[in-house]
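# Coordinate inspection notes
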Amino acid sequence: MVWNDLTSEEQLEQLKKDSEEKKILIFKFSTNCNISARIFDRLNSEWVNEQVSKELECYFLDLIKFRKLSNKIAQDFDVSHESPQVLILSKGSSIYDDSHSYITFQGIKKIVNEI
């Protein structure tokens, strides 16, 4: 699993465009939240050697450092601002979002395989 940092609105706009051709996963993470750390660690451990990881381009957003960008994501994709939170983008839209303990590798895998 390779995570790319998401740090700017320009990058977010490019990801929307890129999602026309590939699936994009955004993981919104709070460095002040134990649940965020636990969910992130769980995803990474479950992700090892899985085919779905090759089908997604994954981005990590530190929402403490980039709160304005996190709010823009909530606005642009019409989702509640939460942490931790996962969104999957396809064709310029969020086709999946979940937060907290509802974030699971199996849930992400199911959505990716359905597209």
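Our structure's up above, just so we're on the same page.
Conventions we followed
Residues numbered from 1 in each chain as written. Predicted model: local features only at pLDDT ≥ 70, side-chain atom pairs only at ≥ 80, totals over all residues. Heavy atoms only, no water. Pairing = 2+ DSSP bridges. Helix = DSSP H or I, 4+ residues; strand = E, 2+ residues; numbered from the N terminus. Contact = heavy atoms within 4.5 Å. Buried < 20%, exposed > 50% of the residue type's maximum accessible area, 1.4 Å probe, protein only. Polar contact = N/O pair within 3.5 Å; in protein donor to acceptor, adjacent residues only side chain to side chain. Core = buried A, V, L, I, M, F, W, Y, C linked by side-chain atoms within 4.5 Å. Phe/Tyr/Trp six-rings, centres within 6.5 Å; stacked < 30°, edge-to-face > 60°. Lys NZ or Arg CZ within 6 Å of the ring centre and 35° of its normal.

## A look at the pairing of strand E5 (residues 93-99)
As judged from the six bridges shared by strand E4 (residues 85-90) and E5, these two strands associate in the antiparallel manner. Bridge pairing in E5 places glutamine 85 opposite serine 99. Counted along the chain from E4 to the antiparallel partner E5, the turn is two residues long, and its residue lysine 91 has a positive phi close to 55 degrees.

## Things to note about the environment of glutamine 11
Secondary-structure assignment places glutamine 11 in helix H1 (residues 9-18). For the pair glutamine 11 and serine 80, spaced 69 residues apart in the sequence, the C-alpha separation amounts to 21 Å. In contact with glutamine 11, other than residues within four places in its own chain, are Asp5, Leu6 and Tyr59.

## Notes on the side chain of serine 99
Summarising the element assignment, serine 99 is placed in strand E5. For serine 99, a relative accessible area of 9% corresponds to the buried category. Separated by 3.3 Å, the side chains of serine 99 and histidine 100 make a polar contact. Contacts of serine 99, omitting those with residues within four sequence positions, involve Glu82, Pro84 and Gln85.

## Brief notes about the environment of leucine 6
In this structure, leucine 6 sits in the loop between strand E1 (3-5) and H1. According to the relative accessible area criterion, leucine 6 is buried, its value standing at 1%. Leucine 6 sits 97 residues away from isoleucine 103 along the chain, and the two C-alpha atoms are 19 Å apart. Setting aside anything within four residues of it in sequence, one finds leucine 6 in contact with Gln11, Leu12, Leu15, Ile26, Tyr59, Phe60, Leu61, Phe66, Leu69 and Ile73.

## Some words on the nonpolar core
Grouped together as the largest cluster of nonpolar side chains are 19 residues, with contacts concentrated most on Leu25, Phe27, Leu43, Leu56, Val86, Ile88 and Ile108. Aside from chain neighbours lying at most four places away, what touches leucine 25 is Trp3, Trp47, Leu56, Glu57, Cys58, Tyr59, Val86, Leu87, Ile88 and Ile108.

## Observations concerning the packing of aromatic side chains
For the structure shown, the criterion picks out eight aromatic pairs. A ring pair is formed by phenylalanine 27 and phenylalanine 29, whose centres lie 6.0 Å apart and whose planes are at 40 degrees; its orientation type is tilted. Pairwise contacts between aromatic rings join Trp3, Phe27, Phe29, Phe40 and Phe60 into one cluster. The ring centre of phenylalanine 77 lies 5.6 Å from the NZ or CZ of lysine 16, which sits over that ring.

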